[in-house]
Amino acid sequence: MKKIEHHTSGLNGTINIPGDKSISHRTIMFGSMANGKTTVENFLPGEDCLSTINCFEKLGVQIEREGSIVTIYGKGLEGLKESSTLLDVGNSGTTARLMMGILSGLPFHSVLIGDESIAKRPMKRVTNPLRQMGARIQGNQDGNFTPISIQGGELSGIEYHSPVASAQVKSAILLAGLQAKGKTTVEEPFKSRDHTERMLKAFGVHLIEDGCKVSIEGHQKLTSDIHIVVPGDISSAAFFLVAGAVAPNSKVTVKRVGLNITRTGILDVLQGMGAEISYTNIVDDVPEPYADITVESSTLKAFEVSGDIIPRLIDEIPIIALMATQAEGTTVIKDAEELKVKETNRIDTVVNELTKLGANITATEDGMIIKGGTKLHGCELDSYGDHRIGMMAAVAGLVAKGETSIKNAEAIAVSYPTFFEDLESLLG
Ligand code: S3P
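Scope of this entry: the structure provided in the associated data block. (Residues numbered from 1 in each chain as written. Predicted model: local features only at pLDDT ≥ 70, side-chain atom pairs only at ≥ 80, totals over all residues. Heavy atoms only, no water.)

1. Regarding the sheet that holds strand β20 (residues 360-364)
If you trace the 4 strands from one edge of the open sheet to the other, you get β18-β19-β21-β20, paired in mixed fashion. The open sheet has two edge strands with one neighbour each: β18 (304-305) and β20. Direction of pairing for strand β19 (residues 330-333) relative to strand β21 (residues 367-371): antiparallel, over a ladder of 4 bridges. Looking at β21, one finds that Thr-331 is bridged to Ile-370. Packing of helix α10 (residues 317-325) onto the sheet brings it into contact with β18, β19, β20 and β21, and relative to β21 it is tilted by some 20 degrees. Together, β20 and β21 form the strand contacts of helix α11 (residues 346-356), whose direction differs from that of β20 by roughly 160 degrees. (Pairing = 2+ DSSP bridges. Helix = DSSP H or I, 4+ residues; strand = E, 2+ residues; numbered from the N terminus. Contact = heavy atoms within 4.5 Å. Axes fitted to C-alpha atoms, helices over the stretch in contact; angles between N-to-C directions.)

2. Things to note about the packing of aromatic side chains
Within the structure shown, the criterion is met by 5 aromatic pairs. Plain terms: the ring middles of Phe-30 and Phe-203 are 6.4 Å apart, the flat faces sit at 80 degrees to each other, and that makes the pair edge-to-face. Of this pair, Phe-30 sits in helix α1 (residues 21-33) while Phe-203 is found in the loop between α7 (195-202) and β12 (207-210), placing the two residues 173 residues apart along the sequence. For Phe-30, a relative accessible area of 0% gives the class buried. For the ring pair Phe-419 and Phe-420, a centre distance of 5.1 Å and an interplane angle of 80 degrees mean the geometry is edge-to-face. Per residue, the accessibility class of Phe-419 equals that of Phe-420, and both read buried. Joined through ring pairs, the aromatic side chains of Phe-240, Tyr-416, Phe-419 and Phe-420 make up one cluster. Lying across the ring of Phe-420, Lys-2 places its NZ or CZ 4.5 Å from the centre. (Phe/Tyr/Trp six-rings, centres within 6.5 Å; stacked < 30°, edge-to-face > 60°. Buried < 20%, exposed > 50% of the residue type's maximum accessible area, 1.4 Å probe, protein only. Lys NZ or Arg CZ within 6 Å of the ring centre and 35° of its normal.)

Structure, rendered in structure tokens:
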């Protein structure tokens, strides 16, 4: 049980946020598929990304890690070998879904398993298009849930119109498409994060991008001997940016935060709600830009969060909901049904935990409505094993009167193992 005290003297200082989770996963996957050496700087040593390393080691890839520096010795797709044991993705949906795409094209059998939360997350969104490409996938409830068994083999390209804007779905299909006969196209209703596209291009793969549509020709090889610098994770930075905006007497700088436009919805919301935010040291790096971001205590007002911004901030909705409790007016979050299939049903878990703190928040079918300007009071909260709910609870604890305790706070290590150290350093 982690305890957090009401904090009135503000958060002050500068932190280096750990590497981006989505990008870190992809460095291991693509480095393992490439022929040669890939070096990675600022890799996120969170539990999810370590699960990805573990899975590729089981497939025969040599991977060395010293803290956040990783070296991957890829031997091409042909170098990946059948594992004699189960591939455990832990809590990581990205590992599960992207690996389904990769394994579908490889000429051997694999079984993916994960933790209790993974066992409840829908895989049909990936199983269905991969089956259309010729993949042989079995799993609980007709391939919807882990354990997932994949007999890899020959695939053919498809044109797929995804009903959801999901980078995990898009990436799984593109990674299968890379190994398929002919061309594969994925179209989504709104553009989801494009780290797969950016990194594949850095590995020399040719893609055609047109708005919400991406196409890939099959049988392309990933070139290697590249060095990738992973920017700080904006989804982790979001907790401290919001903490700095809502806590009085605060000024927080977060260094080298990834600024990929498909991820920066949280910055648009902070700005839209009136947060005092500024950018320095902007580096327009390829494949991913980044900058230092500073936020100060601000007077916040309500904002509507809906439509095409949702995929650009889907993981930040828990902390946006907390910010909305401290803003003037009513914030509406809608078009966010995807929250129901994250590590927990985040409509339920956000509304439950913020209600316990005294917030005026109502769940809707596709989001939530928050009447702001409420004083929160400390109480016992639960992460329910969801890292982002745990971090939302910690920031809420700083704002709430009295003491807040958080059950299952260790789940935070999934994406941010040093979260409490960074928080301590800002509390002074
Ligand atoms: C991720 C994509 C998002 C996000 C998840 C990481 C990725 O999921 O919520 O934390 O790395 O591709 P969806 O693609 O399901 O929206």
